[in-house]
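# Results of the structural survey
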Amino acid sequence: MTDRIRRNLWFAYFAGLVLWSCHSYFLLFTLMQENNLLAMRIDGRPYTSDFVNVYDAGVLGRKGSSVNIYDANLQASLAEKVVAPVVPEIPFYLQAPPNFFVLCIPLAYFSPHIAWIVYCALGLALNLLAMGFLAWKYFNDSFSRAFVLVSTFASFPTWIGVRLGNSSLYLLPPLVLFWWLLKQKRYFAAGLATGLLLVKVQYLPFIGLIGLSIGGLRYLAGAVASGLV
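No experiment lies behind these values; they were computed from the predicted model shown.

As a further point, take helix α10 (residues 204-228). Between the first and last C-alpha of α10 there are merely 15 Å, a value that for 25 residues lags more than 12% behind the 36 Å anticipated at 1.5 Å per step. G215 marks where α10 bends most, by close to 130°. I207, G208, G211, G215, Y219, G222 and S226 are the residues of α10 that are buried. Of the surrounding elements, those touching the buried residues of α10 are α8 (172-183) and α9 (187-194).

As a further point, take unusual backbone geometry. That bond from A84 to P85 is cis: its omega, 10°, falls within 30 degrees of zero. Relative to the elements of secondary structure, P85 occurs in the loop between α3 (72-83) and α4 (98-103). The phi dihedral of N35 is positive, around 60°, even though this residue is not glycine. As for its placement among the helices and strands, N35 is situated in the loop between α1 (3-33) and β1 (39-42). Even without being a glycine, K185 presents a positive backbone phi close to 60°. Examined against the element boundaries, K185 turns out to sit in the loop between α8 and α9. Exposure remark for K185: the relative accessible area of 58% places this residue in the exposed category.

Moving on to the side chain of S167. Mapped onto the fold, S167 is located in the loop between α7 (156-164) and α8. S167 sits in the buried class, given a relative accessible area of 13%. Leave out the neighbours within four places in its chain, and S167 touches F100, Y119, V199 and K200.

Calculation notes
Residues numbered from 1 in each chain as written. Predicted model: local features only at pLDDT ≥ 70, side-chain atom pairs only at ≥ 80, totals over all residues. Heavy atoms only, no water. Helix = DSSP H or I, 4+ residues; strand = E, 2+ residues; numbered from the N terminus. Expected span 1.5 Å × (residues − 1). Bend = angle between axes of the 7 residues up to and from the residue. Buried < 20%, exposed > 50% of the residue type's maximum accessible area, 1.4 Å probe, protein only. Contact = heavy atoms within 4.5 Å.

Listed below in structure tokens is the structure:
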């Protein structure tokens, strides 16, 4: 295979990913227009998007200490309003840590669909910055860098994160920041970055042990400060 044919094949693959991405993300707006984005019925059964909990977290966070944010009945009633006319079969409970409710407060100032657009657009932008940083760090030519970015957004994990409005959409940027700060020996700042990962507390044992083993007490001080805030 000649170099020219190889380059043409790579370009064709790149173009295919771009077209695939455009089609895939356009489908989401089609679902929105059909009111099937946040909840829909498949084979007669209701299915609810993760973003319903994210949006309700913002509503509960905005109410502040006047309500019990972990009240299952209150959460269920809010979710039912968002997914109507679809009726959930069982409650969709959110057990995220309190800081998640605070971070989601800005979403409560929008309608659910507009909030989903804002939430996903910001998440994709942050992922673009994170992957751009990695691409510029490890690749020298423009095509490889562009390919990394396009293939990231064309991948199914990224798409399903947007489709569901899952909080996993916001994990890659702070992870990249965490590792970069550790390599720069900015251990206190790496501890602060850990606070952004506490939305998914199940990752804390792994991230915390790595940070503590490398950054020691300075990392621990940053992590504790972040948690206190």
